[in-house]
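In case you want the letters, here they are:
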Amino acid sequence: AMAALASFDEEIAAASHGHVYGAEFAVNAHVAAGFTHLSIGDVAAASAAFAHALEQSPEHPKASVGEYAIAIRWGDQASIERARLKVMAATEELRRVDRHAESALVAAGQNVAENHITDAVQILDGLLATAPAGPAGWIIPIDPMLAPIREHPAKLALFSKLAARAA
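Just so it is clear, the structure is predicted and the values come from calculations on it, not from any experiment. Sequence order as written defines residue numbering, which begins from 1 separately in each chain. Reporting in this predicted model follows two pLDDT cut-offs: at least 70 for local features of residues, and 80 or more for side-chain atom pairs to be given and counted; totals over whole chains, interfaces and linings ignore these cut-offs and use all residues. Hydrogens and water are ignored here; the side-chain numbers use all heavy atoms of the structure.

Peer 1: Would you mind going over the overall build of the chain in detail, with residue names and values included?
Peer 2: Of regular secondary structure, the chain possesses eight helices and zero strands. Along the chain, helices and strands appear, N-terminal first, in the series α-α-α-α-α-α-α-α. C-alpha atoms define the radius of gyration, and 2.2 Å times the number of residues to the power 0.38 defines the globule rule. Relative to a compact globule of 167 residues, whose C-alpha radius of gyration would be 15 Å, the chain shows 15 Å and is just as compact. Summary of the burial criterion: residues with accessible area below 20% of their type's maximum are buried, those above 50% are exposed, and those between are partly exposed, where the area comes from a 1.4 Å probe applied to protein chains only. Looking at the chain as a whole, 41% of its 167 residues are labelled buried. To qualify as a helix, a DSSP run of H or I must reach at least 4 residues; to qualify as a strand, a run of E must reach at least 2; elements of each kind are numbered from the N terminus.

Peer 1: Which residues make up the layout of surface pockets, and what values do they have?
Peer 2: Buriedness of a pocket was judged along seven lines, with at least five required to meet protein on both sides within 12 Å; pockets are open sets of points on a 1 Å grid over the protein atoms alone, cavities are sets where a 1.4 Å probe fits but cannot get out, and lining residues have an atom within 4 Å of a point. Grid points are joined across faces, edges and corners, and a volume is the space filled by probe spheres set on the points. Volume-wise, the largest pocket comes out at about 780 Å³. For the largest pocket, the lining is made up of 29 residues, of which Asn28, His60, Lys62, Ile139 and Asp143 are closest to its centre. Of all elements in the fold, only helix H1 (2-14), helix H2 (22-39), helix H4 (61-74) and helix H6 (100-113) reach the threshold of two or more residues within the lining of the largest pocket. By residue number, the principal contributor to the lining of the largest pocket is H2, which donates seven residues. A volume near 250 Å³ is recorded for the second largest pocket. Lining the second largest pocket we find 16 residues, and of these Leu38, Arg73, Val112, Ala113 and Pro148 sit closest to its centre.

Peer 1: Account for unusual backbone geometry, with residues named and values stated.
Peer 2: Unlike most non-glycine residues, Asp98 shows phi in positive territory, near 60°. Positionally, Asp98 belongs in the loop between helix H5 (77-96) and H6. A positive phi angle, close to 65°, is found at Asn115, a residue other than glycine. In this fold, Asn115 is placed in the loop between H6 and helix H7 (117-130).

Peer 1: Can you explain helix H3 (residues 43-56)? Please cite residues and give values.
Peer 2: Compared with an ideal rise of 1.5 Å per residue, which puts 14 residues at 20 Å, H3 spans 20 Å between its outermost C-alpha atoms and is within 8% of the ideal. Turning to H3, its buried residues are Val43, Ala46, Ala49, Phe50, Ala53 and Leu54. Down the axis of H3, the sector holding all buried residues measures 135°, keeping them to one side. In H3, the exposed residues that point more than 90 degrees away from the buried face are Ala44, Glu55 and Gln56. Given the number of residues in a helix, its expected span is that number minus one, multiplied by 1.5 Å. Summarising the geometry, the arc corresponds to the directions from the helix axis toward the C-beta atoms.

Peer 1: Mind laying out the nonpolar core, listing which residues take part and the relevant values?
Peer 2: Soluble globular proteins tend to pack their nonpolar side chains together in the buried interior. One finds Phe35, Leu38, Leu124, Ile140, Leu146, Ile149 and Leu158 to be the most contacted residues of the largest nonpolar core, which totals 35 residues. Looking at this core, the elements with two or more residues in it are H2, H3, H4, H5, H6, H7 and helix H8 (155-166). Setting aside its immediate chain neighbours within four residues, Leu158 contacts Val121, Leu124, Asp125, Leu128, Ile140 and Ile149. Buried Ala, Val, Leu, Ile, Met, Phe, Trp, Tyr and Cys residues that are joined via side-chain atoms within 4.5 Å together make up what is termed a nonpolar core. Within the second largest apolar cluster, five residues are counted, among which are Leu5, Phe8, Ala29 and Ala33. Any two residues whose heavy atoms approach within 4.5 Å at even a single point are treated as in contact.

Peer 1: Describe the pattern of salt bridges, naming the residues involved and giving the relevant values.
Peer 2: Any Lys or Arg side-chain nitrogen found within 4 Å of a carboxyl oxygen on Asp or Glu counts as a salt bridge. What the rule picks out here adds up to seven salt bridges. Between Arg84 and Glu81 there is a salt bridge, with its nearest N and O atoms 2.5 Å apart. Taken together, the positions of Arg84 and Glu81, both in helix H5 and three residues apart, correspond to about one turn of that helix.

Peer 1: Account for the side chain of Thr36, naming residues and giving values.
Peer 2: Take Thr36: it is sitting in helix H2. Look past the residues within four positions of Thr36 in its chain and what remains in contact with it is Ala1, Leu5, Phe8 and Pro144.

And the structure:
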């Protein structure tokens, strides 16, 4: 986890050097760092990382999932409900603009945040079963938001389906 966090910090630092996609890369690095911090139990650092991402990109779907995961950890029902509605709105907006793979990833992330890992795996399995040929789902095994899936028994079938799509 520490090596990953160092890599995310490097990506964030490099973003200020005028790269065309630098700001986008930095936001995604903040999000990945947030989920990595969450996985090691550093809720304060995770919250700060998601806040940085949302400052740069207020509607970022995965940052919104992170915000939801933090709200669940803190247990404040009003915050949980606000964050849940924001994630659901992001998922719907992604569907509306035909970004179905990203919508499925965000919906799976919501289920991971809720500790519904089996449901998250089913969503991702559905994505892999229905997505056209191409890169859909390639990030599943490495996405820090989906890390708990790596410990779930259904990962073998899911990753096999992903590998078959790559062949």
